[in-house]
Amino acid sequence: MKAELQAGAGPHLREGYAPHELQAAAAAAGLVEVRTDFTFHLGATRWAADVESRIALRSAKPLKAILLPALLAASAVERSPSSHRLGNGVLMTARRP
């Protein structure tokens, strides 16, 4: 994981799809889109991901233990996706026809 972080591809960063690409892939698989939302759209969540990556790069586990309550609170702030703002992730819910 440390090499992944140093390369700029942190544990939560993956190449993905734009919303229209995800919708097309689901349609090609025979699925019907129910809803498409954005995730990781709040500053608190981005801050927590940055802190997590820096802690992992420095192998600073004691610091993570100290900051854990703040990291958990930041992730709790964003429990539901947002359809109103762009974010760092796309979440699509689909169903079989």
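First things first, this report covers the structure right here in the doc. Worth saying up front: this structure is predicted, and the values here are computed from it rather than measured.

## Some details on the overall build of the protein chain
Turning to step 1, where the next piece is worked out: Across its full length, the protein chain carries four helices and two strands.
Turning to step 2, where the next piece is worked out: Ordered by position from the N terminus, the helices and strands of the protein chain form the series α-α-β-α-α-β.
Turning to step 3, where the next piece is worked out: By the burial criterion, 23% of the 97 residues in the protein chain qualify as buried.
Turning to step 4, where the next piece is worked out: Long-range contacts, defined here as pairs at least 24 residues apart, represent 79% of the contacts in the protein chain between residues at least 6 apart.
Turning to step 5, where the next piece is worked out: When the accessible area of the protein chain is evaluated, it comes to approximately 6900 Å², of which 58% is carbon and sulfur surface.

## Things to note about the pattern of salt bridges
Side chains that carry opposite charge are capable of pairing whenever their charged atoms lie near each other.
Turning to step 1, where the next piece is worked out: Within the structure shown, the criterion is met by one salt bridge.
Turning to step 2, where the next piece is worked out: Residue Asp 37 is joined to Arg 35 by a salt bridge in which the shortest nitrogen-to-oxygen separation is 2.6 Å.
Turning to step 3, where the next piece is worked out: Its relative accessible area of 5% is what places Asp 37 among the buried residues.
Turning to step 4, where the next piece is worked out: The class of Arg 35 is partly exposed, set by a relative accessible area of 44%.

## Quick notes on the environment of Ala 76
Turning to step 1, where the next piece is worked out: Position of Ala 76 among the secondary structure elements: in helix α4 (residues 61-77).
Turning to step 2, where the next piece is worked out: A relative accessible area of 36% means that Ala 76 is categorised as partly exposed.
Turning to step 3, where the next piece is worked out: Distance from Ala 76 to Thr 45, taken between C-alpha atoms, is 8.8 Å for residues 31 residues apart in sequence.

## Quick look at helix α3 (residues 43-58)
Turning to step 1, where the next piece is worked out: Here α3 contains 16 residues, and its C-alpha end-to-end distance of 23 Å stays within 8% of the 22 Å for a straight helix at 1.5 Å per residue.
Turning to step 2, where the next piece is worked out: Among the residues of α3, Thr 45, Ala 48, Val 51, Ser 53, Ile 55 and Ala 56 are the ones counted as buried.
Turning to step 3, where the next piece is worked out: Of the residues trailing α3, Ser 59 is marked for its positive phi of about 50°.

## Overview of the side chain of Thr 36
Turning to step 1, where the next piece is worked out: Within the secondary structure, Thr 36 sits in strand β1 (residues 32-39).
Turning to step 2, where the next piece is worked out: Given the relative accessible area of 17%, Thr 36 is considered buried.
Turning to step 3, where the next piece is worked out: Here the side chain of Thr 36 touches Glu 33 through a polar contact of 2.5 Å, side chain to side chain.

Here is what the cut-offs are and how they apply
Residues numbered from 1 in each chain as written. Predicted model: local features only at pLDDT ≥ 70, side-chain atom pairs only at ≥ 80, totals over all residues. Heavy atoms only, no water. Helix = DSSP H or I, 4+ residues; strand = E, 2+ residues; numbered from the N terminus. Buried < 20%, exposed > 50% of the residue type's maximum accessible area, 1.4 Å probe, protein only. Contact = heavy atoms within 4.5 Å. Areas by Shrake-Rupley, 256 points an atom, 1.4 Å probe, with all protein chains shown as cover. Salt bridge = Lys/Arg side-chain N within 4 Å of Asp/Glu carboxyl O. Expected span 1.5 Å × (residues − 1). Polar contact = N/O pair within 3.5 Å; in protein donor to acceptor, adjacent residues only side chain to side chain.

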